[in-house]
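Inside the fold
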Amino acid sequence: MRGSRALTRLALLAAGFAAGAWWGALTPGISVANRSGQRPVAPGHISDAEHATVQLFQRAAPSVVFVTSLAVGRSPFRLNLTEVPRGSGSGFVWDEAGHVVTNFHVIEGGNAARVTLADQSTWDAKLVGAAPEKDLAVLKIETPAARLHPIPLGTAADLLVGQAVFAIGNPFGFDHTLTTGVISALGREIESVAHVPIRDVIQTDAAINPGNSGGPLLDSSGRLIGVNTAIVSPSGAYAGIGFAIPVDTVQWVVPDLIQHGRVMRPSLGVQTASAQMTEQLGITGALILDVAPGSGAARAGLHPTIRDERGRLVLGDVIVAIDGQPVRTPGDLLLLLEQHGAGDKVRVTVAREGQQRDVQVALQAAK
């Protein structure tokens, strides 16, 4: 029985070879190995503009990383704790010391983070510093410098509406995705996760989707000009309007985060109420809750919020302008103080008992 089956297989193979030879004889020029009828490939080439884009991507891609935020959770089937992915986004290598820049909202709420480099190696990352009011964060990985490719830096000062831009990131988890577009507008304002305005934001029509957050926006020279951070979309997916934090902001925020863990803006020496509180009170400006003893605000005689002998709340001074620039929210106050340094004197306009008055306040280094 086994012998007859073997003979049958040999007969079928022989028949197959014979059929191939018969078909090849009837159709000269078509070999048995190439019987699909494929048409010849026409010669082609890419344009100079396309070649420049390809080279830009090849140069910049090694600087772009994939960031995964982790949260410690308990397995539903076991009692032990485990790290589970909480969110993901993009980032880029800042320097050869292993610092990586991303958006704060990418790592917000996580207990740990991991960074995957362009060579697909993955490294545990620690949080070095964060600025929620700028939606920026700096992570650090311990990896050989040879694996790191710091991104070249540009400037946002000379950007023009209409110039080409390129975004590289990990939308929906697809790593190292390139999208192209133009600068659609400049000087936009968006709200950070800390409910403080981020100003001078770049608007672009380069496709930015979930997962692009924290990735670089590049000019045609491959230089960083912004950090992709937000989109306007009724569906949550790309709808033609994306925003990037300008590189000039990144340039002064990141060194502070690396050195101090936070933004070291100068201070008046006051604690102000939250935007939610001032809104509930119907106040326009920055309500002073407390004045630090010995501070410039204390020497200038600014009044904090107190309770009187009957326990009633007596509101303090409300800062309504700095050097004539209006302060409508506590966020406005932060942005105006960023334009100064410790030791500078500013003219502070406060509202007190229905009247406005100006006082000179010497700024001090933030503590």
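Right, let's walk through the structure included here. A quick note: this is a predicted structure, and the numbers were derived from the prediction, not measured.

Quick look at the overall build of the chain
The number of helices and strands found in the chain is 7 helices and 20 strands. Relative to its 367 residues, the chain shows a buried fraction of 41%. Residue pairs in contact within the chain that sit at least 24 positions apart in sequence constitute 59% of those at least 6 positions apart.

A closer look at the pairing of strand 6 (residues 136-141)
Burial analysis of strand 6 places 6 of its 6 residues in the buried class, which makes it a mostly covered element. Of the two faces of strand 6, both are covered, the one formed by Leu136, Val138 and Lys140 as well as the one formed by Ala137, Leu139 and Ile141. Pairing of strand 3 (residues 99-102) with strand 6, which is carried by 4 bridges, proceeds in the antiparallel orientation. Counted as the bridge partner of histidine 99 is lysine 140 from strand 6. Relative to strand 6, strand 5 (residues 122-131) runs antiparallel, the two sharing 6 bridges.

Brief notes about the environment of alanine 118
Considering the arrangement of structural elements, one finds alanine 118 in the loop between strand 4 (112-116) and strand 5. Spatially, the C-alpha atoms of alanine 118 and proline 62 are 5.1 Å apart, while their sequence positions differ by 56 residues. For alanine 118, the residues in contact, after removing those within four places along its chain, are Ala61, Pro62, Val64 and His176.

Observations concerning the nonpolar core
Ranked by internal contacts, the top residues of the largest apolar core, which has 32 residues, are Phe92, Val101, Leu136, Leu217, Leu218 and Val250. Within the residue set of this core, elements represented by two or more residues are helix 2 (48-60), strand 6, strand 7 (164-169), strand 10 (216-218), strand 11 (224-231), strand 12 (242-246) and helix 4 (247-260). In terms of residue count, helix 4 provides more of this core than any other element does, 5 residues in total. Among residues more than four places away in sequence, those in contact with valine 101 are Gly91, Phe92, Trp94, Leu136, Ala137, Val138, Gly214 and Val254. Ile288, Ala297, Val327 and Leu336 belong to the second-largest nonpolar core, a separate cluster that totals 18 residues.

Topic: the environment of proline 197
Within the element layout of this structure, proline 197 appears in strand 9 (residues 197-204). What makes proline 197 buried here is its relative accessible area of 12%. Linking proline 197 and glycine 331, residues 134 residues apart in sequence, is a C-alpha distance of 6.4 Å. Beyond its immediate stretch of four places on either side in the chain, proline 197 contacts Glu133, Glu189, Ile190, Glu191, Gly331, Asp332 and Leu335.

As for the side chain of serine 192
Residue position: serine 192 is located in the loop between strand 8 (177-191) and strand 9. A distance of 3.4 Å separates a polar side-chain atom of serine 192 from the backbone oxygen of glutamate 133. Apart from the residues lying within four places of it in its own chain, the contact partners of serine 192 are Pro132, Glu133, Lys134 and Ile198.

Some remarks on the sheet that holds strand 10
Note: strands within a sheet are paired through backbone hydrogen bonds, in either parallel or antiparallel orientation. In space, the 6 strands of this closed barrel follow the order 7-8-9-12-11-10, with antiparallel pairing throughout. The average angle at which neighbouring strand axes cross in this sheet is 50°, direction not considered. Note: strand 9 against strand 12, 3 bridges, orientation antiparallel. Bridging from a neighbouring strand, glutamine 203 pairs with phenylalanine 243 of strand 12. Taken strand by strand, helix 2 contacts strand 7, strand 8 and strand 10, and its axis lies near 40° from that of strand 7.

Describing a nonpolar patch on the surface
Residues Met277, Leu281, Leu313 and Leu315 make up a contiguous nonpolar surface patch of roughly 340 Å² in combined accessible area. Within the secondary structure, leucine 315 is located in the loop between strand 16 (313-314) and strand 17 (318-322). Look at leucine 315 and you get partly exposed, because its relative accessible area is 41%.

Basis of the calculations
- Residues numbered from 1 in each chain as written.
- Predicted model: local features only at pLDDT ≥ 70, side-chain atom pairs only at ≥ 80, totals over all residues.
- Heavy atoms only, no water.
- Helix = DSSP H or I, 4+ residues; strand = E, 2+ residues; numbered from the N terminus.
- Buried < 20%, exposed > 50% of the residue type's maximum accessible area, 1.4 Å probe, protein only.
- Contact = heavy atoms within 4.5 Å.
- Pairing = 2+ DSSP bridges.
- Core = buried A, V, L, I, M, F, W, Y, C linked by side-chain atoms within 4.5 Å.
- Polar contact = N/O pair within 3.5 Å; in protein donor to acceptor, adjacent residues only side chain to side chain.
- Axes fitted to C-alpha atoms, helices over the stretch in contact; angles between N-to-C directions.
- Patch = residues over 30% accessible without salt bridge, like charges linked within 9 Å, V, L, I, M, F, W, Y side chains within 5 Å.
- Areas by Shrake-Rupley, 256 points an atom, 1.4 Å probe, with all protein chains shown as cover.
- Salt bridge = Lys/Arg side-chain N within 4 Å of Asp/Glu carboxyl O.

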